[in-house]
Amino acid sequence: MSKNLRIVFYGTPEIAAIELEYLVNQGYNIVGVVTNVDKPMGRGKKIAFSPVKEMALQLGVKNILQPASMKSEDFLAELSALKPDLQVVVAFRMMPKSVYALPPLGTFNLHTSLLPQYRGAAPINWAIINGEKETGITTFLLNDKIDCGEILLQRKIAIKAETDFEELYNEMAEQGKKLVADTIDLIEKGSFETIVQTEEETKPAPKIFKEDTYIDWHKNGNEIVNFIRGLCPIPAAKSIFIDESTEKDYEFKIFKAVFEKNNANKPIGTLWIENNKVIKVRCNDGVVELVDLQVSGKKRMLASELVKGLRINELLNKN
């Protein structure tokens, strides 16, 4: 393909920065980048750039737009001045029709699921949490409904038994490079068919808040392990335990666990240590062994390392 299309790229997080770098290095004509406004971060409230802005600066992209409002007249004027033929979106907020319909060839989005499955803010997390064996990535044309536009291209990705969020995220970022490029080439060619999304296969993928990250030990062990995988390493699955002898609380972040189906004679939610190296918790249908975790105030470590620093024999789940 000629790669002469004038493209404006939208995105904020790391996955978007990866796709942007690939497109620029492959010679696509990125005439502008749109990303979130700079924000104060950390204890020192130092102003931080988004990963996409950092990448755009490294790549020497001349026009970096950071609108507080997508409906701003100033932003629309700046965008129009770039005369985009096509817009590419990777992990960005919803945009009004005045923006997505501006280029003559439209605007497409890279989504990290096989649409119409897992529409929403956290498709990678929910696919793992729900125990899916397969997911994928999709490019689709934007319209006025979130993740509902006509499908352009898709690629399937297997979810292995131990795959966690970080691993799947990285795999999607890597495979997304070629899918985005192929989609641009397809649109530039001008003769392609789209697939209208149906509602029958829709599965929700809502944003995950802190209160959603706590483990329900009354669930079955495989569900709990999938939940832990789906939140690893961030925001991380959590559980609060209490040492009954001291009434001291311990909040655990759990990054890896394995399930053993047995009839442990302990109440659901009970945590105990075996052989001074193994940490286990009773769940609905067996025992979950905590392999990789972090106690509040300590660094992340393997259970065998953590146990050496604990002076507790048995903890009970607060809930």
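Rules and cut-offs
Residues numbered from 1 in each chain as written. Predicted model: local features only at pLDDT ≥ 70, side-chain atom pairs only at ≥ 80, totals over all residues. Heavy atoms only, no water. Pairing = 2+ DSSP bridges. Helix = DSSP H or I, 4+ residues; strand = E, 2+ residues; numbered from the N terminus. Contact = heavy atoms within 4.5 Å. Axes fitted to C-alpha atoms, helices over the stretch in contact; angles between N-to-C directions. Phe/Tyr/Trp six-rings, centres within 6.5 Å; stacked < 30°, edge-to-face > 60°. Lys NZ or Arg CZ within 6 Å of the ring centre and 35° of its normal. Core = buried A, V, L, I, M, F, W, Y, C linked by side-chain atoms within 4.5 Å. Buried < 20%, exposed > 50% of the residue type's maximum accessible area, 1.4 Å probe, protein only. Parallel < 35°, antiparallel > 145°, perpendicular 65-115°, else oblique. Left-handed = near helix turned anticlockwise from the far one by under 90°. Nonpolar A, V, L, I, M, F, W, Y, C, P; charged D, E, K, R; others polar. Lys, Arg positive; Asp, Glu negative; His and termini not counted. Salt bridge = Lys/Arg side-chain N within 4 Å of Asp/Glu carboxyl O. Polar contact = N/O pair within 3.5 Å; in protein donor to acceptor, adjacent residues only side chain to side chain.

Chemist: Hey, could you go over the sheet that holds strand 5 (residues 64-65) for me, with residue numbers and the actual values?
Modeler: The strand order across the open sheet built from seven strands is 5-2-1-6-7-8-9, with neighbouring strands paired in mixed fashion. Two strands in the sheet have a free side with no partner beyond their single neighbour: strand 5 and strand 9 (151-158). Lying on the sheet, helix 1 (residues 14-25) is in contact with strand 1 (7-11), strand 2 (30-34), strand 6 (86-90) and strand 7 (107-111); it crosses strand 1 at an angle near 160°.

Chemist: So what's going on with the packing of aromatic side chains? Which residues, and what values?
Modeler: A full pass over the atoms with the stated rule returns four aromatic pairs. Their ring planes at 45° and their centres at 5.6 Å tell us that Phe165 and Tyr169 sit as a pair that is tilted. A residue pair is termed a helical-turn pair when its members lie 3 or 4 positions apart in one helix, as Phe165 and Tyr169 do in helix 6 (residues 165-189) at four residues. Here a set of aromatic residues connected by ring pairs shows up, and it is made of Trp217, Phe241 and Phe252. Above the ring of Phe49, the side-chain terminus of Lys53 is found at 3.9 Å from the ring centroid. Positioned above the aromatic ring of Trp272 is the side chain of Lys266, whose terminal nitrogen or guanidinium carbon lies 4.8 Å from the ring centre.

Chemist: Outline the nonpolar core, listing residues and values.
Modeler: Soluble globular proteins: nonpolar side chains tend toward being buried together. Within the largest apolar cluster, 39 residues are counted, with the highest numbers of intra-cluster contacts made by Phe9 and Ile184. Ranked by the residues each element gives to this core, the list is headed by helix 6, at 10 residues. Setting aside residues no more than four positions away along its own chain, Ile184 makes contact with Leu5, Ile7, Leu23, Tyr28, Leu86, Val88 and Phe108. Ile224, Phe241, Val281 and Val295 belong to the second largest nonpolar core, which has 27 residues in total.

Chemist: Let's hear about the packing of helix 1 against helix 2 (residues 51-59): which residues, and what values?
Modeler: Following both chains from N to C, one finds helix 1 and helix 2 inclined at 20°, their axes separated by 8 Å at the closest point. With respect to their mutual orientation, helix 1 and helix 2 come out roughly parallel. The two elements helix 1 and helix 2 meet at a crossing, and its hand is right-handed. When helix 1 is examined against helix 2, the residues Glu14, Ala16, Ala17, Leu20, Glu21, Val24 and Asn25 are found in contact with a partner set consisting of Pro51, Val52, Met55, Ala56 and Leu59. Residue composition of the contact of helix 1 with helix 2, by class: nine nonpolar, one polar and two charged.

Chemist: Can you explain the side chain of Glu19? Please cite residues and give values.
Modeler: Its location among the elements puts Glu19 in helix 1. One buried charge, Glu19, has no salt-bridge partner; the nearest side chain with opposite charge is Lys177, at 6.9 Å. Ignoring sequence-local partners within four residues, the contact set of Glu19 consists of Phe9, Val90, Leu110, Met172, Ala173, Gly176 and Lys177.

Chemist: Can you break down the environment of Thr138 residue by residue, with the values?
Modeler: By the secondary structure assignment, Thr138 is in strand 8 (residues 134-141). A C-alpha to C-alpha distance of 28 Å links Thr138 and Ile224, two positions 86 residues apart in sequence. In contact with Thr138, other than residues within four places in its own chain, are Asn109, Leu110, His111, Ser113, Leu114, Leu115, Ile151, Leu153, Gln154 and Leu179. Here Leu115 takes part through its backbone nitrogen, which lies 3.2 Å from a polar atom of the side chain of Thr138.

Chemist: With reference to specific residues and values, describe the pattern of salt bridges.
Modeler: On inspection of all chains with the given rule, the structure shows 10 salt bridges. In this structure, the salt-bridge partner of Lys203 is Glu132, at a minimum N-O distance of 2.7 Å. Here Lys203, found in the loop between helix 6 and helix 7 (221-230), pairs with Glu132, found in the loop between helix 5 (123-129) and strand 8; they are 71 residues apart in sequence, far enough to count as distant. Ionic pairing is found between Lys261 and Asp285, a salt bridge with its closest N-O pair at 3.4 Å. Placement of the pair is Lys261 in the loop between strand 11 (248-260) and strand 12 (270-274) and Asp285 in the loop between strand 13 (278-283) and strand 14 (286-295), with a sequence separation of 24 residues. A relative accessible area of 17% places Asp285 in the buried class. Residues joined in a network through salt bridges with shared partners are Arg155, Lys178 and Asp182.

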